[in-house]
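Chain by chain, the residues:
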Amino acid sequence: MGKHLLKLSDLHTDEIIAILDRAQMFCQGIDIPNFSDKIACNLFFEPSTRTQYSFNVAEEKLGMRVISFNPAASSLNKSESFYDTVKTFDSFGVDAIVIRHKVNEYYNELLGHIDAAILNGGDGTGNHPTQSLLDLLTIRQEFGSFAGLKCVIAGDIVHSRVAHTNYEVMRRLGMEVVTAGPAEFLEDSLESEDFDHAVKTADIVMMLRIQRERHAASMSMSGEEFHRAYGLTVEREKTMKDRAIIMHPAPVNRDVELADCLMECDRARIFKQMQNGVFVRMAVLERAVKR
Amino acid sequence: MGKHLLKLSDLHTDEIIAILDRAQMFCQGIDIPNFSDKIACNLFFEPSTRTQYSFNVAEEKLGMRVISFNPAASSLNKSESFYDTVKTFDSFGVDAIVIRHKVNEYYNELLGHIDAAILNGGDGTGNHPTQSLLDLLTIRQEFGSFAGLKCVIAGDIVHSRVAHTNYEVMRRLGMEVVTAGPAEFLEDSLESEDFDHAVKTADIVMMLRIQRERHAASMSMSGEEFHRAYGLTVEREKTMKDRAIIMHPAPVNRDVELADCLMECDRARIFKQMQNGVFVRMAVLERAVKR
Amino acid sequence: MGKHLLKLSDLHTDEIIAILDRAQMFCQGIDIPNFSDKIACNLFFEPSTRTQYSFNVAEEKLGMRVISFNPAASSLNKSESFYDTVKTFDSFGVDAIVIRHKVNEYYNELLGHIDAAILNGGDGTGNHPTQSLLDLLTIRQEFGSFAGLKCVIAGDIVHSRVAHTNYEVMRRLGMEVVTAGPAEFLEDSLESEDFDHAVKTADIVMMLRIQRERHAASMSMSGEEFHRAYGLTVEREKTMKDRAIIMHPAPVNRDVELADCLMECDRARIFKQMQNGVFVRMAVLERAVKR
């Protein structure tokens, strides 16, 4: 029975740091295990490019055998329940199952019925633990540690798995975390701040994707209006602190959350985050399948 | 040139038993070959989760290299004929081609034109040899042998590949086999019996999926009506013999063919069947590619 | 940083011959490298069976780890730009990226921003270098060399990547190349000839697929009319030179470009071309990733 990864709030800080340490080793090409006798299974019930294929590359780099099933893309399998589908793949004797599903905490109905380790690739508006881990790895590579750093998470907070997970874990690691954005996107339970002030004082400006596909009604402002009021414009970038960095979980709506020309600027760590995503996923896969 | 697996009626009983013996060894983790120099190709012209991914896992467990093409899911390739598509993959030099197609005996037009071994993953309403093999393996694990056992195959007989293949091979192995279900689903050529009587006297109650997608017109009764009259209800299960088991090829229409709560009860071997599916597919793949 | 393969006109004749020499060795099973530490990524933004899966088989035969993403088939990922999608996979640390895209010279915006080697699997109506290489390999296997051979490329020239690439490279290798077909399909810049005369005098009759999907309006003649006027009919085949061969990049519209019964006749090398496609793709993959 492997070790699940469902949400970061389940993990002690020590465990999180241990995962980051392994990811950093993999980043440097050190001590990469060979799991050629293990089978990983990717079940993405919601579309995903970045998370799914990042896991896929991580699995391949660990030498795992990979089975990928895309119910979201295939429109097959309409009549079979989520539970029966996962249980089917578990019956095949796979070692780890990576799942993305639109239902929050979808995994609760699986626990105790599944032998494979479950790795959460995103549940509804709930958690996205590997995204947070790759964010943390990117921050630690930049600043060496976490305590005392200030991060502003800006934009579509309410629809974001990343915001919720990061807010909790970053505070636990001693960081100052604030949210910013239009009132319709904020949550009362999360501390917020004026965006312009936050940009000037933060070490990390983390912009979130406007998830148009999750909005029941259309957003009350246009992309251009959002960019002017709450996007990281060329002008705002100039007010950032000297060593401050720009992060974004991607895909980016260019010229909405972020000015197009900032995407690969010196401060941007967006493609670096994607690179680190492979290493943290290797670390959680190792944790899931090694005896 | 490898050994095709087209339908079980082509195989001597000895060959069937030899395949089950190998599958049982694989089940116990014994003598698993490494075919890392072999390429398996999965061509599913009709949607399938269980069969396709079970073959996929089997191929991976044998160390094979795997190419998967899903014309059913992709809606690509509309203009190219079935023959030319299969011949294309054969030209690439693959060793085994697993095919599912809606045409009965689709393989006849390929024989003699293809170098790879063909493994039939289901042809129309014709045959589904690996499903029968996994059923046989599950029965033998339970009862040690076949002769004298009674199996009732119940439900949508007329649309089922499994019913036809199992009826023939189980009788050949010395089992008593009867069918049961509503008149519209039965076939004159297969012996049938009252369902309630069959449930009380059978060692194996094998429920079939109602294949709504294959019915030209809608079924004359609702799912609930079917369940009461011909489904394995909680009440009927209580009338089963002491050591009798429940089987179903899946996916199950819960509360139609089978009461939801019986799906994972002590008698149920449904997920066990899926598990065994990997082992019998390993055995027929080995048979197909080994020299 | 690996070696891109974008278009054949970038390559010296010596390099082309070197690729064919390696492909011929792979065809004979000689000196096949093992790149189990390399990851190949297939990104097909336009549908493809033959090219995509031929690359896939080639990657597997080289022992590479393979990631396949089908935006064309999945209808996912609508909002993310081509550049960001490719850059994402590059960030994952893959070694080679095979791309097909409908934009001519799509690769120009990637060069200098991508670490992986780009292998062009077809760009718009531009180039299709591996198709030309497999054509050349097939011709060399047949005739031993290129100089002095005559090839007629017939049919839908204007929509064909193959025609453009082959015309240039075959002339460079000392072959006589002419085009033939209805006026609406020809290009002024490419020499053309009467089809019947060309068939009688050519060593290679290369028929092209009528790409109905690329025609803005419907073709002015029916498939039957085309076949009579510009197709390789049973009658025309009889006028071919003794050792002359028939080629076609496939998929074939049977009885349009080519009489159905000629598809696997003694002169036909169509499935041979597909076979050779794997070997030339192994050669360009090796060139791309070996240090």
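Residues numbered from 1 in each chain as written. Chains lettered and ligands numbered in written order. Predicted model: local features only at pLDDT ≥ 70, side-chain atom pairs only at ≥ 80, totals over all residues. Heavy atoms only, no water.

## Some details on the relation of the copies chain C and chain B
Put simply, the second copy of the chain is the first one after a rotation about an axis and a shift along it. Once chain C has been moved 0.0 Å along the axis and rotated by 120°, it coincides with chain B to within an RMSD of 0.0 Å. The two molecules are tied by a three-fold rotation axis, judged by turn and shift. (Least-squares fit on C-alpha atoms with pLDDT ≥ 70 in both.)

## Considering the domain arrangement of chain A
Residue and element names in this part refer to chain A. By the assigned domains, chain A splits into domain 1 (8-127 + 275-289) and domain 2 (129-270). Computed from C-alpha atoms alone, the centre-to-centre distance between domain 1 and domain 2 is 25 Å. On the domain 2 side, the residues contacting the 30 residues of domain 1 number 25 residues. For the pair domain 1 and domain 2, the summed buried surface comes to about 2,300 Å²; carbon and sulfur atoms form 59% of the total. (Domains from an automatic or database assignment. Contact = heavy atoms within 4.5 Å. Buried area = accessible area lost by both parts, 1.4 Å probe.)

## A short note on the packing of aromatic side chains
For any pair of aromatic rings, the description consists of the separation of the ring centres together with the inter-plane angle of the planes. In total, this model carries 27 aromatic pairs over all chains according to the counting rule given. Judged by centre distance (5.1 Å) and plane angle (70°), the rings of F45(B) and F82(B) are edge-to-face. Remark: F82(B) occurs in helix α4 (residues 82-91) and F45(B) occurs in the loop between β1 (39-44) and α2 (50-61); sequence separation between them is 37 residues. For the pair F45(B) and F82(B), a shared accessibility class is recorded, and that class is buried. Every member of this aromatic cluster is reached through a ring pair, and the members are F45(A), F82(A), Y106(A) and Y107(A). (Phe/Tyr/Trp six-rings, centres within 6.5 Å; stacked < 30°, edge-to-face > 60°. Helix = DSSP H or I, 4+ residues; strand = E, 2+ residues; numbered from the N terminus. Buried < 20%, exposed > 50% of the residue type's maximum accessible area, 1.4 Å probe, protein only.)

## Brief notes about empty space enclosed by the protein
All names here are of chain B. Tallied over the full model, the rule gives 1 cavity of 30 Å³ or more. Taken together, 14 residues make up the lining of the largest cavity; nearest its centre are R50, Q131, L134, P249 and M274. Broken down by secondary-structure element, the contributors of at least two residues to the lining of the largest cavity are α2, α5 (129-143) and α10 (270-289). When residues of the lining of the largest cavity are assigned to their parent elements, the largest contribution, 5 residues, is made by α10. Across the lining of the largest cavity, the residue classes break down as 6 nonpolar, 6 polar and 2 charged. Counting the residues that make up the lining of the largest cavity, at least three belong to each of domain 1 (8-127 + 275-289) and domain 2 (129-270). (1 Å grid on protein atoms, 1.4 Å probe; cavity = no way out; pocket = protein on both sides within 12 Å on 5 of 7 lines; lining within 4 Å. Points joined across faces, edges and corners; volume = space filled by probe spheres on them. Nonpolar A, V, L, I, M, F, W, Y, C, P; charged D, E, K, R; others polar.)

## Overview of the sheet that holds strand β4 (residues 117-123) of chain B
The strand order β2-β1-β3-β4 (chain B) describes an open sheet built from 4 strands, whose pairing is parallel. Edge positions in the sheet fall to β2 (65-69) and β4 of chain B, since each has one partner strand and no second. Strand-to-strand twist across the sheet, computed as the mean angle between neighbouring axes with direction ignored, equals 15°. Where β1(B) meets β2(B), 5 bridges bridge the pair, whose relative direction is parallel. Its bridge partner being in β2(B), I39(B) is matched across the sheet by R65(B). With respect to the sheet, α10(B) is in contact with β3 (96-101) and β4 of chain B, its orientation differing from that of β4(B) by roughly 145°. Docked against the sheet, helix α2 (residues 50-61) of chain C engages β1 and β2 of chain B, running at close to 170° with respect to β2(B). (Pairing = 2+ DSSP bridges. Axes fitted to C-alpha atoms, helices over the stretch in contact; angles between N-to-C directions.)

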